[in-house]
Amino acid sequence: IQTVVLPDTTTQTQNVGDGSFYGMEIAIDAQATPQLSVGFNYTALSRSIHDALLPNLRPTGVPAHKAFIYASWQPIDRLTITPSLDVAGDRWSDVNPAPEFPYVRTGAYTLVNLTAQYSLAERFDIVIGFKNLSDDNYELAWGFPQPGRTFYFKTQVGLR
């Protein structure tokens, strides 16, 4: 299912042609020391779509490469600090209103994030976090910019 440009330049989501999708994903999580755990995951995806009626069709919305790297450090009991990197390659996106070639690459990005989590009680945590610390400008879809530097505060109640 892809967004297709109609003759009047409006768009419609349709089943199109045929295609092939293949890829791989790898993830590693390790406890480096009693106070430090590290992790990494990487995804590579190759997609192609073929439709004789739409020769310029591009698969949209998903990058060919994506990675996430983190380290969780517990300097004192009940406090965990987690810096992370979220890296993604560029992706095709629909352009609307559609020009003759209705696709654009949104661009790759690298987000630097930081979270601090403190356990106040056995099943009650407070979390303070920062997303996109480097304040990168990026889009997952054309015309929809993502937030810049973001701060959040939340509580978590859960089972352990």
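Scroll up to find the structure this text is about.
Everything numeric in this text was worked out from a predicted model, so none of it was measured.

Novice: Please provide a residue-by-residue account of the overall build of the protein chain, values included.
Specialist: Along its length, the protein chain carries zero helices and 13 strands. Walking the protein chain from its N terminus toward its C terminus, one meets helices and strands in the order β-β-β-β-β-β-β-β-β-β-β-β-β. Here the C-alpha atoms of the protein chain give a radius of gyration of 21 Å, more than 25% beyond the 15 Å that 2.2 N^0.38 yields for 160 residues. For the protein chain, the C-alpha atoms occupy an extent of roughly 65 × 30 × 30 Å along the three principal directions. Counting contacts in the protein chain only where the partners sit at least 6 residues apart, residues at least 24 apart contribute 47% of the total. When the accessible surface of the protein chain is split by element, carbon and sulfur atoms take 59% of a total near 10,300 Å². In the protein chain, which carries 11 positive and 15 negative side-chain charges, the distance between the mean positions of the two groups comes to 8 Å.

Novice: Which residues make up unusual backbone geometry, and what are the values?
Specialist: The phi torsion of most residues other than glycine is negative, and most of the peptide bonds are trans. You will see that Arg-78, though not glycine, has its phi angle at about 85°, which is positive. If you check the backbone angles, Asn-132 has positive phi at about 55° while not being a glycine. Along the chain, the position of Asn-132 falls in the loop between β10 (124-131) and β11 (139-141).

Novice: Can you explain the side chain of Asp-51? Please cite residues and give values.
Specialist: Among the structural elements, Asp-51 can be located in the loop between β4 (36-50) and β5 (65-76). Of the side chains with opposite charge, Arg-58 comes closest to the buried, unpaired Asp-51, at an N-O distance of 12 Å. In contact with Asp-51, not counting residues within four places along its chain, are Val-16, Gly-17 and Leu-57.

Novice: Give me the lowdown on the sheet that holds strand β13 (residues 150-157), citing residues and values where you can.
Specialist: Spatial ordering of the open sheet is given by β3-β4-β5-β6-β9-β10-β13, a layout of seven strands whose pairing is antiparallel. Each edge of the sheet is formed by a strand with only one pairing partner; in this case those strands are β3 (18-33) and β13. Each neighbouring strand pair of the sheet contributes to a mean axis angle of 15°, computed without reference to strand direction. Across eight bridges, β10 lies against β13 in antiparallel orientation. When the sheet's bridge partners are listed, Ile-128 is paired in β13 with Phe-153.

Novice: Could you give me a rundown of the side chain of Arg-91, with the residues and numbers involved?
Specialist: In this fold, Arg-91 is placed in the loop between β6 (79-88) and β7 (92-94). Of the side chains bearing the opposite charge, Asp-86 lies closest to the buried Arg-91, which forms no salt bridge; the N-O distance is 7.6 Å. Separated by 3.3 Å, the side chain of Arg-91 and the backbone oxygen of Gly-61 make a polar contact.

Novice: So what's going on with the nonpolar core? Which residues, and what values?
Specialist: Counting six residues, the largest nonpolar core consists of Val-4, Val-16, Ile-49, Leu-57, Trp-92 and Tyr-103. Ignoring any residue separated from it by four or fewer positions in sequence, one finds Tyr-103 in contact with Thr-3, Asn-56, Leu-57, Arg-58, Thr-60, Trp-92, Ser-93, Asp-94 and Val-95.

Novice: Describe the packing of aromatic side chains, and please don't skip the residues or the numbers.
Specialist: Tallying each qualifying case throughout the model produces three aromatic pairs. Judged by centre distance (4.6 Å) and plane angle (35°), the rings of Tyr-109 and Tyr-138 are tilted. Taken as a pair, Tyr-109 in strand β9 (residues 109-121) and Tyr-138 in the loop between β10 and β11 lie far apart in primary sequence, 29 residues in all. Taken as a pair, Tyr-109 and Tyr-138 share a single burial class, namely buried. Between Phe-130 and Phe-151, the ring centres sit 5.3 Å apart and the planes meet at 50°, which makes this aromatic pair tilted. A residue pair is termed long-range when its members are at least 10 positions apart, and Phe-130 in strand β10 and Phe-151 in strand β13 qualify at 21 residues.

About the cut-offs
- Residues numbered from 1 in each chain as written.
- Predicted model: local features only at pLDDT ≥ 70, side-chain atom pairs only at ≥ 80, totals over all residues.
- Heavy atoms only, no water.
- Helix = DSSP H or I, 4+ residues; strand = E, 2+ residues; numbered from the N terminus.
- Rg over C-alpha atoms; globule rule 2.2 N^0.38 Å.
- Contact = heavy atoms within 4.5 Å.
- Areas by Shrake-Rupley, 256 points an atom, 1.4 Å probe, with all protein chains shown as cover.
- Lys, Arg positive; Asp, Glu negative; His and termini not counted.
- Charge placed at Lys NZ, Arg CZ, Asp CG, Glu CD.
- Buried < 20%, exposed > 50% of the residue type's maximum accessible area, 1.4 Å probe, protein only.
- Salt bridge = Lys/Arg side-chain N within 4 Å of Asp/Glu carboxyl O.
- Pairing = 2+ DSSP bridges.
- Axes fitted to C-alpha atoms, helices over the stretch in contact; angles between N-to-C directions.
- Polar contact = N/O pair within 3.5 Å; in protein donor to acceptor, adjacent residues only side chain to side chain.
- Core = buried A, V, L, I, M, F, W, Y, C linked by side-chain atoms within 4.5 Å.
- Phe/Tyr/Trp six-rings, centres within 6.5 Å; stacked < 30°, edge-to-face > 60°.

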